[in-house]
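Analysis of the macromolecular model
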Amino acid sequence: MRRIAALLLLRSCLVLAQPYDLLITGGRLLDGTGNPAIYSDVAIQGGKIAAIGRLRGSPAARTIDAKGKYVCPGFIDMHSHADGGLGSEDRRRRAAPNLVSQGITTVCVNPDGASPWPLSKQRANYERLAIGPNAALLVGHGTVRRLVMKDDYKRPATPAEIAKMRELVRQGMQEKAFGMSAGLEYVPGIWSTTDELIDLVREIVPYGGVYTVHQRSESTDPRWYQPSVDKPGQPTMLDAVEETIRIGAETGATVIWSHAKAMGANYWGSSKAAIRLIDRARARGIDIWTDQYPYNSTGGDGSTVLIPAWAIGDNAFSSARGKAGAKADYASALRRTMEDSGKADKVRTDITHEMARRGGPENIVVFDHPDHGFIGKSLDTLATARGITPVQMALELQYEGYRDRPGGARLRGFSVWEDDVDAIMAQPWNATSTDAAIALPEDGPDTHARYSTAHPRKLRRYGLDRGVISIENAVRSSTSLPAQIMGIRDRGLLREGLAADLVIFDPATVRDKATFSEPHQYAEGIDFVLVNGKFVVESGKLTGALPGVVLTHSR
Ligand SMILES: [Zn+2]
């Protein structure tokens, strides 16, 4: 007995004698709970937070003076498209510069129903290659649906098919996934019924997984809807919220409305009704949450094409210039369509609908067109200058623009109302996400500012400048809140024993620099970022390090 005590004493002496790997002194700690900042030092050892308190003068291999700075947990990105980049052979991509530079230390990948398969292979691949941020994996509902239904997915699944899908979902959960993602506005999720989803979500519940969903609609109707082609009465965003609530109610699962928003000028203000639905559902005990990126323009807004695909014979419907080949001449194709008065009316109907969905003509801006005088102007401004309607202006952009580009111009809509962004952000159940992939500057301008600076933008614009959310809660919504929703137990808070994923930022300088014309500009004021105790950002510079781990979900 005495010998054991002596050994223990010896052991603790040895531990004490060992200097910390890193000591952060003099900073103000925002611990991730949403509590106001306290002055405290943080010591890191072996990739973990070893101590928090008055530690100045303790032996440490390195000390950082964080005077005037905030020290907080690393940001956990609830809805990330980093999965492709993390699996890249290019180590620069795997370092995820656009993500770690904004303070992201963990990404929840495989969103919108799409995952590699099997997840065990994805995990092994990341571990073999090494990755910058940590990754939490999700089972993709669309992936599972395709594996079972093959190319015959444009219909509800049969009970036998659902049984097979359930097996695959269970397999993914046994491979330590954090839950299942769905993309119900996309192929093949569009054709799944609520009952199919309920059956599959039931499989994740015993494992404590989440169901996170890109809902069937984010507006007055789904993104694929064209009034001249499709049946009316398609689901609205509010219908979709009710579906997510029903799935939560019937399964008992934690459910997440991904990248929550109310798109379209005719739908602005609808966040209020959605918030009311969620509050009431939560009051009934349904475990529903949201995540959100802090912008009034969406990913799809960046490739706004007002001319319906059917009118220019572009089935692929890609905004990328020249994708249809050098021979594509969309201007001539449109002229031919417009010669038929019946078709011309339908084109105008579809343009009017799409214009509203992208925020209305005053909120659709030209980013590229052969006439450089158009760049930076709204559709409304251009139409007024010519004394024509915005619909006619959309047609003229195609006639006079790039002939090989659907729509003739690169347009961006601003389809989300800032009041709706604010209203959702103010909710205590809303976490921050980027909805971003890993991008390098050479990937070009066809990307979104959120790729580089969603989290710092929330700190600066919505927290420090406008006070839509307190700085404490802005940090909470990027740290402990997503950790708690996703079931990540060892991160998201500054606590002794938790993983040393940390951000040190300067409240005086922190800001988003990325814009829609220059999206690859990294954040300012994010001075240090540590993943598992290793620097991925050091004194404001990217290190290119790959210290991330693939997280293992446990109940
Ligand atoms: Zn999505």
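Our structure's up above, just so we're on the same page.
Residues numbered from 1 in each chain as written. Predicted model: local features only at pLDDT ≥ 70, side-chain atom pairs only at ≥ 80, totals over all residues. Heavy atoms only, no water.

Let us now look at the packing of aromatic side chains. Considering all chains together, one arrives at 6 aromatic pairs under this definition. For the ring pair Y153 and W191, a centre distance of 5.7 Å and an interplane angle of 45° mean the geometry is tilted. Residue Y153 is found in the loop between α6 (141–149) and α7 (159–174), and its partner W191 is found in the loop between β12 (179–183) and α8 (194–204); the two are separated by 38 residues along the sequence. Residue W191 is classed as partly exposed on the basis of its relative accessible area, which comes to 26%. (Phe/Tyr/Trp six-rings, centres within 6.5 Å; stacked < 30°, edge-to-face > 60°. Helix = DSSP H or I, 4+ residues; strand = E, 2+ residues; numbered from the N terminus. Buried < 20%, exposed > 50% of the residue type's maximum accessible area, 1.4 Å probe, protein only.)

Orientation of helix α13 (residues 379–386) relative to helix α14 (residues 390–400), taken along the N-to-C sense of each, is 95°, at an axis distance of 9 Å. Comparing the axis directions of α13 and α14 gives the class roughly perpendicular. Across the interface between the two elements, L379, D380, L382, A383 and R386 from α13 touch P390, M393, A394, E396, L397 and E400 from α14. Of the residues that constitute the contact of α13 with α14, the class distribution is 7 nonpolar, no polar and 4 charged. (Axes fitted to C-alpha atoms, helices over the stretch in contact; angles between N-to-C directions. Parallel < 35°, antiparallel > 145°, perpendicular 65-115°, else oblique. Contact = heavy atoms within 4.5 Å. Nonpolar A, V, L, I, M, F, W, Y, C, P; charged D, E, K, R; others polar.)

Okay, the side chain of E472 next. Examined against the element boundaries, E472 turns out to sit in helix α17 (residues 471–478). Buried charged residue E472 carries no salt bridge. Nearest counter-charge: R28, at 7.6 Å. Apart from residues lying up to four places away in sequence, E472 is in contact with L30, G34, N35, P36 and A37. (Lys, Arg positive; Asp, Glu negative; His and termini not counted. Salt bridge = Lys/Arg side-chain N within 4 Å of Asp/Glu carboxyl O.)

Quick look at the environment of Y330 now. By the secondary structure assignment, Y330 is in helix α11 (residues 330–338). Considered as a pair, Y330 and G407 are 77 residues apart in the sequence and their alpha carbons are 7.8 Å apart.

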